[in-house]
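# Commentary on secondary and tertiary structure
Here are the chains, one letter per residue:
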Amino acid sequence: MHLLTKVFVVFAAVLALILSTLTVAYSANADALTKALTDAEARAAQESATKDAAVGAANAAAQRARDEASTLQSELSAQRRINNDLETQNASLLADVRRSEEEKQAIQSQIGDFVETINAQTALLESVQSQLDVARQDVARLRRESLALEDDLNDLLSQNAVLEQTVRAQREELESIRRQTDDRFADGTTGGGSQEPFELTGPLVTGRVAKVEADEVVGSGLLVEIGLGTNDRVTRNSRLFVTRGDRWIADVVVLEADLNRSVARVEIGATEHQVRANDTVLSRLDD
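Residues numbered from 1 in each chain as written. Predicted model: local features only at pLDDT ≥ 70, side-chain atom pairs only at ≥ 80, totals over all residues. Heavy atoms only, no water.

### So, the pattern of salt bridges
Heads up, the condition is: Each reported salt bridge corresponds to a side-chain nitrogen of Lys or Arg within 4 Å of a carboxyl oxygen of Asp or Glu. Strands here are runs of E lasting at least two residues and helices are runs of H or I lasting at least four, both read from the DSSP assignment and numbered beginning at the N terminus. Accessibility here uses a 1.4 Å probe with only protein chains present; expressed as a share of the type maximum, an area under 20% marks a residue as buried, one over 50% as exposed, and anything in between as partly exposed.
Overall, the coordinates contain ten salt bridges when judged by the stated rule. Arg-141 is the salt-bridge partner of Asp-138, the closest N and O atoms lying 3.8 Å from each other. Residue Asp-138 and its partner Arg-141 are located together in helix α1 (residues 3-190), separated by three residues, close to a single helical turn. Relative accessible area serves as the criterion here: at 35%, Arg-141 is assigned to the partly exposed category.

### With respect to a nonpolar patch on the surface
Rules: Residues enter patches when their relative accessible area tops 30% and they take part in no salt bridge; the joining distance is 9 Å for like charges and 5 Å for the nonpolar side chains Val, Leu, Ile, Met, Phe, Trp and Tyr. Accessibility throughout is a Shrake-Rupley quantity obtained with a 1.4 Å probe, and a residue counts as covered only by protein chains that appear here.
A cluster of nonpolar residues, Val-10, Phe-11, Val-14, Leu-15, Ile-18 and Leu-22, forms a patch on the protein surface that exposes about 550 Å² of accessible area. The residue Val-10 is located in helix α1 in this model.

### Description of unusual backbone geometry
Backbone geometry at Asn-237 places phi at a positive 75°, although glycine is not the residue there. Tracing the backbone shows Asn-237 in the loop between β3 (222-226) and β4 (238-244). You can call Asn-237 buried: its relative accessible area is 8%.

### Side note on the pairing of β4
Defined as follows: At least two DSSP bridges between two strands are required for those strands to pair.
The element β4 is extensively covered by neighbouring structure, given that seven of its seven residues are classed as buried. Of the two faces of β4, the one holding Ser-238, Leu-240, Val-242 and Arg-244 and the one holding Arg-239, Phe-241 and Thr-243 are both buried throughout. Taken together, the two bridges between strand β1 (residues 198-199) and β4 define a ladder with parallel strand orientation. The partner of Phe-198 across the bridge, within β4, is Ser-238. Where β4 lies against strand β5 (residues 247-257), six bridges are found, and the strand directions are antiparallel. Along β5, the bridge assignment pairs Val-242 with Ala-250. Hairpin geometry of β4 and β5 is characterised by an intervening segment of two residues between the two adjacent antiparallel strands and by a positive phi of about 70° at Gly-245.

Pasting the structure below:
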């Protein structure tokens, strides 16, 4: 036989031996391989289920992510609107700030004007204060002079009071002399009779009845004390008229008169009224 043939025969024998060995081994391991395949298929199914669950979870997560993205988009839109509003407010605030700055500058300018005015007024007040000081000094000087003048006036008033007392005493003495002269003249011209009553002439003289009492000498009639005297041109035998309001009450004739008072007798009176204190006494009745 050829060498190659022998080699092929030997090689074939070896292959047969190997094949038989493998066949025996396959037969021995067929059940284990089947079981392993079943287990592999079960694992594959489990892994597929797990994968499906993971895919579902991923889909749910993706949906949630899409929902969150939509929500975030809405929030982003709202935030953009807020940002737009804030930008608008910011622009308005910036405009307000600019206006405030302009107003501040205007106020500062006014303050400067006020400061100048205040300085001018301060200078004016200082001038006025200086003038007031001078005026106070003048007032103090005038007050001293006024006090001195008041002292001089008081002295003059005192002197005047003394002079008035002297003049009053001289008037009383003169009136007494004049009454005595009138009495002598009346006695000489009427043979001892009394002078006729007469009305006062000149400006109207007005007084009040001070007191009313009965005439004890005559026994009837009334005597009245009147707050008028020779200082008012009222003398003995002066005819006066007593009134109350617009009503005539009586005619009275003066019996005695001094400087500021006189005593008169009621000569004629109204039948329905009598003379009372505080009645008005007139030197004449108006027509």
